Amino acid sequence: MIEPLDYQQAYHACDLSEFSFDTTESLEPLSKVLGQERALDALEFGVEMRQEGFNLFAMGPTGSGKHDAIMTYLEAKGAEEAVPSDWCYLNNFADPRKPIAVEMSPGEGRRLQYDVRELIAILKTAIPAIFESNEYRNSREMINQKYLDLQEAIFRSLQEEARKRDISMKSSYASRVTFAPIIDGHTLTPEEFDNLDDAKKEQINTKMSEFENIVKKGLREVSQLNRLMQEQFKELEKETTEHAVDTLIDEMREKYAGNEKIVTYLDALQEDVIEHVKDFLFKPEDAAANPLIGMYGTPSFGRYEVNLFIDHEELAAAPVIFEDNPTFQNLIGRIEHTSQIGTLVTDFRMIKPGALHRANGGYLVVDVRKLLMQPFAWEELKRVLRSKEIRIESLAQQYSLVSTVTLEPEPIQNNAKVVLIGERILYYLLYQYDPEFRELFKVVADFEEEMRRDSDNMRLYAQMIASVADKNKLLPLSKGAVGRVIEQSTREAGDAQKLSTHLHNLSDLLKEADYRAKKSGSSLVEEDDIDVALHAQEERVKRVQTKIYEQIEDGTIMIDVTGSRTGQINGLSVLTLGGYRFGMPSRISARTRVGKGEIVNIERSVELSGPIHSKGVMILSSYLGAHYAADLPFSLSASLVFEQSYGMVEGDSASSAELYALLSSLSEIPIKQNLAVTGSVNQFGEVQAIGGVNEKIEGYFDVCRRIDPEGSHGVLIPESNVRHLMLKNEVRDAMKAGTFNIYPVKSIDEGISILTGTQAGEADDTGNYPDGSVNAKVVARLHHFAKKLQQFAHKHDDTKSDANRE
């Protein structure tokens, strides 16, 4: 018979002698991420590998510290790297819809912005001053006088021609000419002309027509002179403006001679200033005096500004950007619009950067779940990584949702290393269903949930506890408190030889223990503070557990913890609600009869059985047939059910309990109801490890204390689960007192012997089991079923023969 575990085997306490400190105050904070060597090696490779497609996916469970570890590593790595370039967007004077992107050294972008702003400010003063100078006025007057003289000569010539033809001519310099005939020194009026005889009229009209042709020719010459004068005025304005602009812009050209794009831009800026010199000559008082001028608004100099798109002047390292809201526009930037007279307008100054721009030359970290939830964001990120350029586009424009004119900014080269953070399932789904994903994210950093619990790691874990306390300004922890935290970490890992790397849980526990310690007036977090915090955490979330246990206590949910029952056993399962896990016993019953070798899983028949549970039941059928009916017909029909189960049943951890119930029903030997069972079974009758062993044991213990507080109870667990035990004090106290026992079993034979108090029995050389053993009774019952089935078959055949004879 298997002996129960000693109470000391149910808890793997932390050996405080491993620690040389009294409180965490004397410990150096941990400078590295603990227990993630594999992930950090992958991270280092992914960061240093600069070939195409070697972006990273950091995967692991939520709360494992991926984000903090990655940000810490990248910030340290970025501190060793050069500050990336500044980027500016400049007006494209040739095509304002296509702004120009300019790359500059860090800090140079701000200087360019300042220099251009100062240049325009100086030109606003210098250009009006030079146009108001005597030199300019004299030059303009000379041109004006030159053409006035030429025009006057033309009009004098016309006057002379008019006198020769007895014609009176009047003219103005607005090119308006009137003339009339003269007779005997008298200029005729229209009435006098009408009174002349026809011959005289004809003679005068002929002279007037000839002179009119001469006047038209003269006026064309005057008009041409006006055009030439305006051209000379413009040429004078251009020369004057160039004189004012050349020196200033030449200085800037020399200053930015190393950047061809800026030099080209300055050339275009100079041409635009010359072309729009009147904007610089505009006076507000002119608009006030002339409403027609004011209708068109005051001149805007915004086209000369520099959009300092990305400014790294104050940056000392390569940027590390975490984008918490990875929408389409937050990733690649946006083009803003403003409303003017009911119309949406924009220009190059309204181009705003996205996270990819800010991370360019450094690292961009994105939560992949949030990324996938944003429309178009995932596809756009992949496009940027494929094309290696960031192209700012409007979604509305791209999908023709609006007809507003927008911009097409010149794309910027992408040199950002992208790191996605997410759960493992997201990585595997993307890898399976998105062919581009595996080409763009070739490096995976897989973060562990646990690490080995050895002396070195426990000392490092203590340092990590000190780091968390120091970072969050918490009270120092005593040596005992550190040991208790390590024990709780082991319990969370579900293995006494492991430590959990779930840093969020650790941080939350330390913060609550700190709160409890401060509330009690202590200057140190002690072991009791950890226990109080753990108990409080559990109490806040155990309402459902308490309600279920109350229903078991009052008999609403039927669980027997005393006496013996045939074909009935207490199985153990784990429920998880909102991250809180607790054990729950369930009554499992089995009925057997003559049949055709079928084991009916009632849960499966009503579609309440998950595939893993159904698999476990099928294994039972295989075990029974091979173990007990290898040489005879398997003439059994059995049914299995979780009593009072109203939801899905999943997992195979109850398969050994179901097999025990079947064996009890077949052998007609009752099972002790004060014992509960957990463990899966294989086709050879070996009991296999399961998860949640601590919660299952503690759940059954709590139920037993409610129903039968004075009784003796116990649990059968797989022997391979002994290493996972980290049971609560009250369970260990009951084990020490002998009122609660834990039996580690390796096989079904060991388990059924404990549950029934009857030896399972081993087969001899002839395959026979000892009389009175469980196995012997099972075989006998199966022989009986086979005989009954054979008798039924013969009787059915005889009846059929009689019917045929008749």
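Since the model is a prediction, treat every value here as computed from it, not as a measurement.

Enquirer: Quick question: what am I supposed to make of the nonpolar core here?
Expert: Counting residues in hydrophobic clusters, the biggest one holds 50 residues, and the most contacted among them are L112, I127 and L269. With 13 residues, the top contributor of residues to this core is helix α6 (residues 198-255). With near-sequence residues (within four places) excluded, L112 lies in contact with L90, M104, M252, Y256, I262 and V306. By size, the runner-up hydrophobic cluster in this structure holds 40 residues, among which are A654, L659, A661 and A776.

Enquirer: For this particular structure, what's the right way to read the packing of helix α4 (residues 134-164) against α6?
Expert: For any two helices packed against each other, the geometry is given by the interaxial angle and the distance between the axes. Following both chains from N to C, one finds α4 and α6 inclined at 175°, their axes separated by 10 Å at the closest point. As summarised for this structure, α4 and α6 are arranged roughly antiparallel, according to the angle between their axes. Residue composition of the contact of α4 with α6, by class: 18 nonpolar, 7 polar and 5 charged.

Enquirer: Which parts of the structure should I look at to understand unusual backbone geometry?
Expert: Trans peptide bonds make up most of the peptide bonds, and negative phi angles are found at most residues other than glycine. At K388, a residue that is not glycine, the phi angle is positive and equals roughly 65°. Among the structural elements, K388 can be located in the loop between α14 (377-387) and β14 (389-390). K388 gets classed as partly exposed once you look at its relative accessible area, which sits at 38%. Positive phi outside glycine occurs at K473, with the angle close to 60°. Its location among the elements puts K473 in the loop between α18 (455-471) and α19 (479-493). Under the relative-accessibility criterion, K473 is labelled exposed at 66%.

Enquirer: Sorry if this is basic, but what is going on with helix α16 (residues 424-433) here?
Expert: Three or four residues apart is the spacing at which side chains of an α-helix point the same way, because the helix has 3.6 residues per turn. Inspection of α16 places L426, Y427 and L430 among the buried residues, and these make up the whole buried set. Buried residues in α16, looked at end-on, bunch into an arc of 100°, giving them a common side. Away from the buried face of α16 by more than 90 degrees, exposed residues Q432 and Y433 are located. Where α16 is buried, its residues touch β1 (56-59), α13 (368-373), α14, α17 (435-440) and β17 (443-446).

Enquirer: Which parts of the structure should I look at to understand the environment of V687?
Expert: The residue V687 is located in strand β28 (residues 687-688) in this model. With relative accessibility at 9%, the residue V687 sits in the buried group. Sequence separation between V687 and S747 is 60 residues, and the spatial gap between their C-alpha atoms is 5.1 Å. Excluding its chain neighbours within four sequence positions, the residues that come into contact with V687 are Y660, G679, S680, P718, V745, K746, S747 and I748.

Enquirer: Just checking my understanding: could you explain the sheet that holds β1 for this structure?
Expert: The strands making up a sheet are joined through hydrogen bonds of the backbone, oriented either antiparallel or parallel. Strand order in the open sheet formed by 5 strands is β8-β13-β16-β1-β17, and the pairing between neighbours is parallel. Each edge of the open sheet is held by one strand with a lone partner, namely β8 (320-323) and β17. Taking each pair of neighbouring strands and ignoring which way they run, the sheet shows an average axis angle of 20°. Pairing analysis gives 4 bridges linking β8 to strand β13 (residues 363-367), with the strands arranged parallel. Residue pairing for β13: E323 is matched across the bridge by V366. Across the sheet, α16 lies against β1, β16 (417-422) and β17, angled at about 140° from β1, the strand it touches most.

Enquirer: Where do I start with a nonpolar patch on the surface in this structure?
Expert: Together, I425, L429 and Y433 give the surface a local cluster of nonpolar side chains, amounting to about 350 Å² of exposed area. You can see I425 is positioned in helix α16.

Enquirer: Just checking my understanding: could you explain the packing of aromatic side chains for this structure?
Expert: How two aromatic rings sit relative to each other is set out by the distance from centre to centre and by the angle between their planes. Scanning all chains against the criterion turns up 18 aromatic pairs. Relative to F437, the ring of F57 has its centre 5.8 Å away and its plane inclined at 85°; by these criteria the two rings are edge-to-face. Of this pair, F57 sits in strand β1 while F437 sits in helix α17, and the two are 380 residues apart along the sequence. Per residue, the accessibility class of F57 equals that of F437, and both read buried. Each member of the aromatic cluster is reached from another via a ring pair, and the members are F57, W378, Y427, Y428, Y431, F437 and F441. Taking the ring centre of F233 as reference, the NZ or CZ of R140 above it sits at 3.8 Å.

Enquirer: Help me understand helix α26 (residues 693-707) in this model?
Expert: When the terminal C-alpha atoms of α26 are compared, their 21 Å separation across 15 residues agrees well with the 21 Å that a helix rising 1.5 Å per residue should span. Across the 15 residues of α26, 11 count as buried, placing the element largely inside the fold. For α26, the full list of buried residues reads V693, N694, E695, K696, I697, E698, G699, Y700, F701, V703 and C704.

Enquirer: Please clarify how the pattern of salt bridges should be interpreted in this entry.
Expert: Oppositely charged side chains may form a pair once their charged atoms are brought near each other. Tallying each qualifying case throughout the model produces 47 salt bridges. With a shortest N-O distance of 2.7 Å, D324 and K370 are connected by a salt bridge. With a gap of 46 residues between them, D324 in the loop between β8 and α11 (328-332) and K370 in helix α13 connect regions that are remote in the sequence. Among the residues examined, D324 registers a relative accessible area of 44% and is labelled partly exposed. With a closest N to O distance of 2.7 Å, E449 and R424 form a salt bridge.

Criteria and thresholds
Residues numbered from 1 in each chain as written. Predicted model: local features only at pLDDT ≥ 70, side-chain atom pairs only at ≥ 80, totals over all residues. Heavy atoms only, no water. Core = buried A, V, L, I, M, F, W, Y, C linked by side-chain atoms within 4.5 Å. Buried < 20%, exposed > 50% of the residue type's maximum accessible area, 1.4 Å probe, protein only. Helix = DSSP H or I, 4+ residues; strand = E, 2+ residues; numbered from the N terminus. Contact = heavy atoms within 4.5 Å. Axes fitted to C-alpha atoms, helices over the stretch in contact; angles between N-to-C directions. Parallel < 35°, antiparallel > 145°, perpendicular 65-115°, else oblique. Nonpolar A, V, L, I, M, F, W, Y, C, P; charged D, E, K, R; others polar. Arc of directions from axis to C-beta. Pairing = 2+ DSSP bridges. Patch = residues over 30% accessible without salt bridge, like charges linked within 9 Å, V, L, I, M, F, W, Y side chains within 5 Å. Areas by Shrake-Rupley, 256 points an atom, 1.4 Å probe, with all protein chains shown as cover. Salt bridge = Lys/Arg side-chain N within 4 Å of Asp/Glu carboxyl O. Phe/Tyr/Trp six-rings, centres within 6.5 Å; stacked < 30°, edge-to-face > 60°. Lys NZ or Arg CZ within 6 Å of the ring centre and 35° of its normal. Expected span 1.5 Å × (residues − 1).

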